[in-house]
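Summary of the model geometry
What follows is the residue order along each chain.
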Amino acid sequence: ISFEEAAFGKEAELSVPRTEECKSCHGSGAAAGTHPEECPQCHGSGQVQYAQNTPFGRMVNARTCERCSGTGKIIKTPCKDCGGKGTKRVTRKINVKIPAGVDNGSRIRVTGEGEAGIRGGGPGDLYVYIFVKTHKLFQRDGADVLCEVPISFVQAALGDKVEVPTLDGKVELTIPAGIQSGKVLRLKGAGIPFLRGQGRGDQHVRVKVLTPQKLNA
């Protein structure tokens, strides 16, 4: 997103590839009119036991049932749409509200818009990571905005009023007489809105005095 969009927020439409519950079988994986059956190998437990002789005696262990992959169910007539998986891979358009004040690397959680749940569980969440484009005039320091404004040697010596770009448009800034190059002036409340809370940061304007290279009489 752009620097201004990060400052004031926006609503973005994202195309998200994800796994969803199959609508034809409602996630069961079985064709219409049929149902998953109990696995005859593990009898619905999802595990099979096996005995093993060791120097300490006969040990009984359990492992995941290979026939049903631990689900305890087998599907004799799989759904044609999902092939018995119970889920399908689709791409959805999702509207995500990006709040004002986000920064590079901010993470937004969208509840219930993630991957399909396992074995009838609800869907997971979608996490959106924000990357902010660099701005040609502004830099950011938390909620504060930094910029540099060039002025002439005469303006620095005598003082002046100059137009300064801000996120809200151009404003007039008073340059005091005798200002030195590198001096920072503050525009209160002209920065970025606080992500959690009311108010905004400030804009800090660094004055750069352009020294004349050639002087006439």
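Above this text is the structure in question.
Keep in mind that this is a model prediction, so the values were computed, not measured. (Residues numbered from 1 in each chain as written. Predicted model: local features only at pLDDT ≥ 70, side-chain atom pairs only at ≥ 80, totals over all residues. Heavy atoms only, no water.)

**Notes on the nonpolar core**
Membership of the largest hydrophobic core comes to 21 residues, with the highest contact counts inside it found for I151, V164, L173 and I175. Every element with two or more residues in this core is listed here: α1 (3-8), β10 (144-152), β11 (160-166), β12 (169-175), β13 (184-187) and β14 (203-210). The greatest single-element share of this core, amounting to four residues, is contributed by β10. With 13 residues, the next largest nonpolar core counts A12, V102, V110 and V132 among its residues. (Core = buried A, V, L, I, M, F, W, Y, C linked by side-chain atoms within 4.5 Å. Buried < 20%, exposed > 50% of the residue type's maximum accessible area, 1.4 Å probe, protein only. Helix = DSSP H or I, 4+ residues; strand = E, 2+ residues; numbered from the N terminus.)

**Concerning the environment of V184**
Summarising the element assignment, V184 is placed in strand β13. In this view, V184 contacts H204, V205 and R206; residues no more than four positions away in its chain are not counted. (Contact = heavy atoms within 4.5 Å.)

**Points about the pairing of strand β4 (residues 57-64)**
Pairing of strand β3 (residues 47-54) with β4 involves eight bridges; the strand directions are antiparallel. Bridge pairing in β4 links T54 to G57. The antiparallel pairing of β3 with β4 creates a hairpin that spans two residues between the two strands. (Pairing = 2+ DSSP bridges.)

**Things to note about the pattern of salt bridges**
Under the defined criterion, the tally for this structure stands at 10 salt bridges. The partner of R18 in a salt bridge is E113, with the nearest N and O atoms 2.5 Å apart. One end of the pair, R18, is in strand β1 (residues 10-21); the other, E113, is in the loop between β7 (107-110) and β8 (126-129), with 95 residues separating them in the sequence. Owing to a relative accessible area of 11%, R18 belongs among the buried residues under this scheme. When its relative accessible area of 24% is taken as the criterion, E113 is described as partly exposed. For K76, the salt bridge goes to E37, with nearest N and O atoms at 3.3 Å. Note that K76 is positioned in the loop between β5 (73-74) and β6 (87-98) and E37 in strand β2 (residues 37-38), a separation of 39 residues in sequence. (Salt bridge = Lys/Arg side-chain N within 4 Å of Asp/Glu carboxyl O.)

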